[in-house]
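# Analysis of the macromolecular model
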Amino acid sequence: MAQQAEDSASEETTLLEEVIVRGVRQSQAKAIDIKRDSDRIVDSIVAEDIGKLPDLTITDSLQRVTGVQINREANEGTSLNIRGMPQVLTTLNGEQFLSPWSITGIGANYSDIPAGMISGVDVYKSQSASMVAGGISGVVDLKTLSPLAMEEGVTANLRAEGSFGDRSKDETKPDGSTGTRDPDYNVSGFFGYKFNDDLAFNAGLFSSESYNANYSMNHDSRFAFLDRQNGTPTDPLDFDGDGDLVNDWYLVPETYGASSSFVTREREGGSVSIEWQLTDNFRLRGDAFYTEMEQYDRGVRVAFNAKSAVSSYQVNGTPGTESDLYDALEDGSVFNEAGQFSYVEEAGQAQTVTIHSLQVADVLAPDFTTTSSNNINRTAALNTNVQLDYTNHDNLTVTARYIYAEAEKRYRQASLQQGTPAWEWVDVDGIPGKDPIDPYAVTVDYTGDYPSFNFDKDVSDADLLGRYQAIATGNNTEGLLNVARVDANFEFDNGGFFESVDFGVRYGVREADYTEFFYVTPTQRYANDQRIPIDKRNQLYSGNRIWQRYPDWRLFNYDDEPAELIEAGLYNNGFTAADTSVFTDFGPFSGFEGGVSSVDPAQWDSPLEFMNRLYPGTRTVEDPSYAYNVEEASAEVFGQLNFGSESGLFGIPYSGNVGLKVMQTDRTVERNTVPEVLDVFNSIGAVDYQKLAFVYDIETKERSFTQYLPSFNLNMFPSEDVVVRFAAARTTSRNDLQNVGSGLFLWYSQCEKTDENGERVLIVDSAGNLVGETVTCVGGGSDNGNIDIDPWIADVYNTSAEWYFDENAIVGLGLFYMDVDTSVRSFQEQRNFVDGDGIDRGRTGNVWATENASGSSLYGVEFGYRQPFTFLPSFLSSTGIEFNYTYSQSESDEKDLEGNTLPLQSNSEHQSNLILWYDHAGFNARVAYNWRSDEYVQPVGLSPGGEAINLATWAEPAGYLDLSLSYWINEHVSVYLNGTNLTATDRRNYAQYEDQLQSINVQERRYAAGFTLTF
């Protein structure tokens, strides 16, 4: 019994040392110890104090780890990849958990997880059979504080923090004046009590609110001056002056504009853990973690439409030219020669064209719109764990765990467009037919640090932008997770080669349920058309045909509405230009200093309420074509032999393990199939693009598959301060359930209506003119759900050498190779669809789908160096350094338009971190710089002349500088100051060519100050 007590005390001391440390020096030292003692290749982060990771967020800390690259959204790190691959499993205390932002996926969105709940993070780059399967390139394990690891008595911590961003600190008040916002806050508390060596508990609470400025510009690149819709690009204006009007192609955006949004996040949550040593042999632990968040992304977007030229719109009965040719550019536009592209045209002739990138755009835009929007997310997650540990204090340990988790995400997107849409029928000039449009002359200059705009109209005038349309949609995602597992370790006492064996079983069920809906308005009216009976013209439809997903545009001035609509009973909702305001804050994008007319996006905080103000009777209706339910049940069994030898191989001691995990997955998918042609008997709505099906079939599919995942880890110890590691494993990553369950969804446009002989159908419009009839046709769609999609599978090989050349110091070098046998990708395929009238006119649309791909690989090298400079004189002995570098080269089976093989998405070839720190007498200072080279983001699919090609979207190289200062006033009180992104680095993407802008996301500097009380 005395020996058992001694063992227990020793174990608790070790646990305590792993999680309760203070200062950057001790944090780094413990991370080195974890790496050295591990039987796998791992890098770790250890909290500098209870609830205080080295950085403000988990992702900011993780980006310091060798080979980890993070993604930022609205100035917050959200997700990551390891060594260039995002197929990373995140676990909580060694088991799967649910994150509301990734219910259908396996990766976590780290904005869901408060840093104050986490005591440390392990990043595993080699895997063993005993680990939870699910990560290709690695596993990130988030660790919380074990109650019995605390000191006896009370352990308590209170942390309060205020922060602000250099762009979001200012605000415009309702009276038009400007001021400074109250700072954001982050408050957390931790209380734990250890009664004795047998019983302890802890609990934590947190609350935070943040406000981030998010200025952005997103341009989907297209080829200009198509000879027909979806046709071949031309050069009618001969921009390069070479006289060739055929073989010069020009990249342009569909719209020219910018966005300004401000993201408010309100988070609350808590955790509770209890641990009880029931007997000498049994220990029971229970954990519960709850988080919830409300996020409002309120913003204003401006856009000059350039998809069609002014000439494409009819004038007083004279038909316009063909639309959607991206032909709004004028003489004076400036391009650079970017590259060449070779292809085979439809006639079979090989062609080589020169592609030009846009530098200055002179545009005659048919219309201009502002969009006041609010993207609302409400999330919540509950993750629980019950764990029973058994040991006979000799050679057997057994752990039984049950995990239950549930998560939900409620998303609402609402927007009010304001402007003068060019396609809107206006006839007030006394001449029969649609009046001429009044275009916008705008110049956009991309040659500066940020694009600048120059235009000729006062877009702050609500009378100029006199029409509006409000649209709202939403979706709900719910997830459930149930896991039961038993793991055991049996130690052999024969002193042989095999020292012990790990074995276990695990059964887990993951379920996701997704629905999507529209806010529909009772506003559909009969057209003012000679084919409509006179008594019905302009009147509301009756029954289910009255509903609209996209309400007709209204005028702010009700008296200016067409008299026939007013006579037909058009409702006066009282919404006027007086309800608009002038918005001026577009950050670094110049040209909008005079402001634009818009609506306060906060009015959309309750979408249903605001929609009913504009369109009384609005309600929500689900779109069954989006809905799906997926359940994946996996049964796993593993065995792992642990071996070692002191005498070693050629005198070199070694240890390691070899194992096999067998995993069977049973997949069940339920989704809806709607009729190909919607009519009054199976849908609501009267116009094709407004319809929503209410008749549908439920399709159920099932599939099962088995995976065999072997693993091997060998650690050799040629000297006391050197470890050489070799590892190989077959790894897998579960599918995103959206790519398993989602169904076919189509978007629509208007096409020429022809008869059985291919002749254009002509009709008489309301002015008595003979015009061509149109019909709703499929413009494209998505059909990403595929029950037969296989998970990612790869063979991963690692080797590393670690030299612990001094106390708390390490130099390490690692090589890795990932042979991806099976991957998942999205692609576009052309499919044939009937038109809205049910007639097949041979039209096709590009549909995004999901398929398995193979043949990709990734390889590279890592280097890491950490050392405290204790050998230096004076104050320099309290300094230290951390430096790491990762080279990651990958190849996929995708190629860009020049035939270059593209890497795996989200991969940067080079990545590095440099951290310098000072730690003395309670004062800590740390400056950290993170840099990554160009990152491959995704392809942009284009099809000039029917030839499907990919423009590769790349993110420019980016470096981030952070600073952290803290001081322990005494053993209980500390204060700190942090600055993140001090370089004000933006995220900039380009399309194929470095001077062809695709998008900019402006990211601000953030500053935080706070204090901690620890007892």
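This structure is a prediction, so every number in the text was calculated from the model and none was measured.

Thresholds applied
- Position labels on residues start from 1 in each chain and follow its written sequence.
- Note on the predicted model: pLDDT of at least 70 is required for a residue's local features to be given, and 80 or more for side-chain atom pairs to be given and counted; whole-chain, interface and lining totals, by contrast, use all residues.
- To get the side-chain values, take all heavy atoms of the structure and skip hydrogens and water.
- Within this document, salt bridges are pairs made up of a side-chain nitrogen of Lys or Arg and a carboxyl oxygen of Asp or Glu, the two lying within 4 Å of each other.
- Numbering of helices and strands runs from the N terminus; a helix is a DSSP stretch of H or I covering at least four residues, while a strand is a stretch of E covering at least two.
- Burial here depends on accessible area, computed with a 1.4 Å probe over protein chains only, as a share of the maximum for the residue type. Under 20% is buried, over 50% is exposed, and the range in between is partly exposed.
- In plain words, nonpolar cores are sets of buried Ala, Val, Leu, Ile, Met, Phe, Trp, Tyr and Cys residues tied together by side-chain atoms within 4.5 Å.
- By definition in these notes, contact holds between two residues if any of their heavy atoms fall within 4.5 Å.
- A pair of strands is considered paired only if DSSP assigns at least 2 bridges between the two.
- To get an axis, a line is fitted to the C-alpha atoms, and for a helix only the part in contact is used. The angle between two axes follows their N-to-C directions and goes from 0 to 180 degrees.
- For a helix, the expected span equals 1.5 Å multiplied by the number of residues minus one.
- The arc refers to the directions leading from the helix axis to the C-beta atoms.

## Quick look at the pattern of salt bridges
In the structure shown here, the tally under the stated rule is 55 salt bridges. Here Asp33 makes a salt bridge to Lys30, at a shortest N to O gap of 3.6 Å. Highlighted residues: Asp33 and Lys30, both in helix α2 (residues 23-37), separated by three residues, approximately one helical turn. Among the residues examined, Asp33 registers a relative accessible area of 30% and is labelled partly exposed. Several salt bridges converge on common partners, so that one network encompasses Lys35, Asp43, Arg83, Lys125, Arg725, Glu802 and Glu862.

## Notes on the nonpolar core
The biggest cluster of nonpolar side chains holds 56 residues, and the ones touching the most others in it are Tyr256, Phe304, Leu329, Val363, Phe453 and Val596. The dominant element in this core, judged by the number of residues it contributes, is strand β18 (residues 350-365), at six residues. Each residue touching Leu329, except ones within four places of it in the same chain, is listed here: Phe225, Leu237, Phe239, Val252, Tyr256, Phe335, Ala361, Asp362 and Val363. Ile103, Trp547, Ala794 and Val824 belong to the second largest nonpolar core, which has 37 residues in total.

## Section: the sheet that holds strand β1 (residues 42-46)
Read across the open sheet, the five strands follow the order β1-β6-β7-β4-β5; overall the sheet is mixed. Each edge of the sheet is formed by a strand with only one pairing partner; in this case those strands are β1 and β5 (95-96). This element, α2, spans β1, β6 (120-124) and β7 (138-143) of the sheet and lies at about 150° to β1.

## Examining α2
The terminal C-alpha atoms of α2, which comprises 15 residues, lie 22 Å apart, in line with the 21 Å expected from a rise of 1.5 Å per residue. Taken residue by residue, α2 has Gly23, Val24, Arg25, Ser27, Gln28, Ala29, Lys30, Ala31, Ile32, Ile34 and Lys35 as its buried positions.

## Focus on helix α5 (residues 607-614)
All of the buried residues in α5 are Pro607, Phe610, Met611 and Leu614. Here the buried residues of α5 occupy an arc of 100° about the axis, which is enough to place them on one side. Of the surrounding secondary structure, the elements contacted by the buried residues of α5 are β19 (368-391), β20 (396-419), β23 (467-491) and β24 (498-522).

## Re the environment of Pro607
Its place among the elements puts Pro607 in helix α5. The exposure class assigned to Pro607 is buried, which follows from its relative accessible area of 7%. In sequence terms Pro607 and Gln413 are 194 residues apart; their C-alpha atoms lie 8.1 Å from each other. In this structure Pro607 touches Ile376, Arg412, Ala414 and Tyr519, once residues within four positions along its chain are discounted.

## A look at unusual backbone geometry
Here the phi dihedral of Phe225 falls at roughly 55°; this positive angle occurs in a residue that is not glycine. Along the chain, the position of Phe225 falls in the loop between β13 (221-223) and β14 (248-253). Positive phi outside glycine occurs at Ala984, with the angle close to 50°. Summarising the element assignment, Ala984 is placed in the loop between β50 (973-980) and β51 (987-991).

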